[in-house]
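Fold and contact review
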Amino acid sequence: LRKKMVSYALRNSNKVIAVSNALKQKLVAIGVPAEKIQVIPNGVDMELFKPLDQTECRKKLGLPLDKKIILYVGNFAQVKGVDILVDAFGEMVRSRVDTLLLLVGDGPLETMLRSRVRELGIEGSVIFSRRTTHDSIPCYMNACDVFCLPSRSEGCPNVVLEALACGTPVVATQTGGVPEIIKNDRLGVLVDPENLIALRRGINDAL
């Protein structure tokens with residue numbers, strides 16, 4: 001019912017704004033005329049998200065200076081693929097003991113994720129940090145070596161834009177509008193969704 005209501009509202013609107021070309025194509029597929037869809041990507045506050053000194057950011061957050069840090073920021077939800085990230089990291093850390101996974105956020109998968117970390121025996125290499133204020137995210141973005149967003153589905157994820165604004169390379173899945181942001185390998189690495197091996201290799205390549 002909700003899908004029908006959304007489709008009706010979009011088809012009968014005078015103008016529709018989509019945050020990516022991928023979303024525009026989805027709208028066209030449900031009957032919204034292409035000529036009334038305007039693509040306007042999300043923006044970033046460049047006064048807030050900018051390169052900062054990594055060592056100072058790590059000291060401020062109490063993070064080790066001698067580790068390669070992989071960061072995830074967002075909801076601990078199935079659509080975000082954070083469960084795949086934990087499994088991929090569990091394999092990677094066995095050969096790369098210099099790495100640390102930092103998970104910032106909360107959500108319905110938190111209990112399962114903590115349990116999985118214990119099952120894999122990687123408690124010493126994974127840090128769970130509670131959801132924090134938007135103003136503090138730039139410090140996390142600058143403290144890490146790689147930002148990872150392994151989503152199963154996306155629109156135009158702000159966290160990817162924010163990481164890039166901080167000068168942090170991104171490993172993300174080829175879904176939604178993400179390939180429209182990560183346009184070359186100077187910005188990051190794209191991998192297929194739900195592909196644990198590809199995600200692990202992508203993180204290694206980015207590091």
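Residue positions are given per chain, counted from 1 along the sequence in the order it is written. In keeping with the model being predicted, local features are shown solely for residues with a pLDDT of at least 70 and side-chain atom pairs are shown and tallied solely at 80 or more, while totals for entire chains, interfaces and linings include all residues. Hydrogens are left out, water is left out, and the side-chain values use all remaining heavy atoms of the structure.

**Describing the overall build of the protein**
Strands here mean DSSP runs of E at least two residues long; helices mean DSSP runs of H or I at least four residues long; both are numbered from the N terminus. A count of helices and strands for the protein gives 9 helices and 8 strands. With the radius of gyration taken over C-alpha atoms, the globule rule is written as 2.2 Å times the number of residues to the power 0.38. Compactness check: the protein gives a C-alpha radius of gyration of 18 Å against a globular reference of 17 Å for 207 residues, within 12% of the reference. On the principal axes, the C-alpha backbone points of the protein span a range of 55 × 40 × 30 Å. Relative accessibility decides the category of a residue: with a 1.4 Å probe and only protein chains considered, values under 20% of the type maximum give buried, values over 50% give exposed, and everything between is partly exposed. Taking all 207 residues of the protein together, 45% fall into the buried category. A contact between two residues is defined here by any heavy atoms of the two lying within 4.5 Å. Considering only contacts in the protein between residues 6 or more positions apart, those separated by 24 or more positions represent 61%.

**Some thoughts on the packing of helix H4 (residues 82-92) against helix H5 (residues 110-120)**
Angles here are taken between N-to-C directions and fall from 0 to 180 degrees, while the axes themselves are lines fitted to C-alpha atoms, restricted in helices to the stretch in contact. With their axes 10 Å apart at the nearest point, H4 and H5 run at an angle of 10° to one another. Compared by their axis directions, H4 and H5 come out roughly parallel. Considering the relative orientation of H4 and H5, their crossing is right-handed. Note on element contacts: H5 touches H4 through Met-112, Leu-113, Arg-116, Val-117 and Leu-120, opposite Val-82, Asp-83, Val-86, Asp-87 and Gly-90. Under the scheme applied, nonpolar residues are Ala, Val, Leu, Ile, Met, Phe, Trp, Tyr, Cys and Pro; charged residues are Asp, Glu, Lys and Arg; polar residues are all the others, including Gly. Among the residues making up the contact of H4 with H5, the classes are represented as 6 nonpolar, 1 polar and 3 charged. For classification purposes, an angle smaller than 35 degrees is called roughly parallel, one larger than 145 roughly antiparallel, one from 65 to 115 roughly perpendicular, and anything else oblique. Crossing handedness is read from the near helix: turned anticlockwise from the far helix by less than a right angle, it gives a left-handed crossing, and turned clockwise, a right-handed one.

**A few points about the side chain of Thr-175**
In this fold, Thr-175 is placed in the loop between strand E7 (170-173) and helix H8 (178-181). The contact partners of Thr-175, leaving out residues within four places of it in the chain, are Ser-151, Arg-152, Ser-153, Glu-154 and Pro-193.

**Structural notes on the packing of aromatic side chains**
Each Phe, Tyr or Trp ring, with Trp reduced to its six-membered ring, pairs with another whose centre is within 6.5 Å; inter-plane angles below 30 degrees give stacked pairs, above 60 give edge-to-face pairs, and intermediate values give tilted ones. Per the counting criterion, the structure on display carries 2 aromatic pairs. Consider the rings of Tyr-72 and Phe-76, whose centres lie 6.3 Å apart with planes at 35°: the pair is tilted. Residue Tyr-72 is classed as buried on the basis of its relative accessible area of 0%. Whether a charge lies above a ring is judged from NZ of Lys or CZ of Arg, which has to be within 6 Å of the ring centre and within 35 degrees of the ring normal. The aromatic ring of Phe-128 is capped on one face by Arg-114, whose charged end is 4.3 Å from the ring centroid.

**Focus: the pairing of strand E5 (residues 126-129)**
Pairing of strand E4 (residues 99-104) with E5, which is carried by 4 bridges, proceeds in the parallel orientation. If you follow Leu-103 over to E5, its bridge partner there is Phe-128. The handedness of the E4 to E5 crossover, carried by H5, is right-handed. Only strands that DSSP links by at least two bridges are regarded as paired with each other. Note on handedness: a clockwise path from strand one over the helix to strand two, with the strands aimed away from the viewer, defines a right-handed crossover.

**Overview of the side chain of Ser-151**
Inspection of the secondary structure assignment puts Ser-151 in the loop between strand E6 (146-149) and helix H7 (158-165). Taking relative accessible area as the criterion, Ser-151 reaches 0% and is therefore assigned buried. N or O atoms within 3.5 Å of each other form a polar contact, as long as, within protein, one can give a hydrogen and the other can take it, and as long as residues adjacent in sequence are counted only when both atoms are side-chain atoms. Within polar-contact distance, the side chain of Ser-151 engages the side chain of Glu-154 at 2.8 Å. Sequence-distant contacts of Ser-151, that is, excluding residues within four places in its chain, are made with Val-79, Lys-80, Gly-81, Thr-173, Thr-175 and Pro-193.

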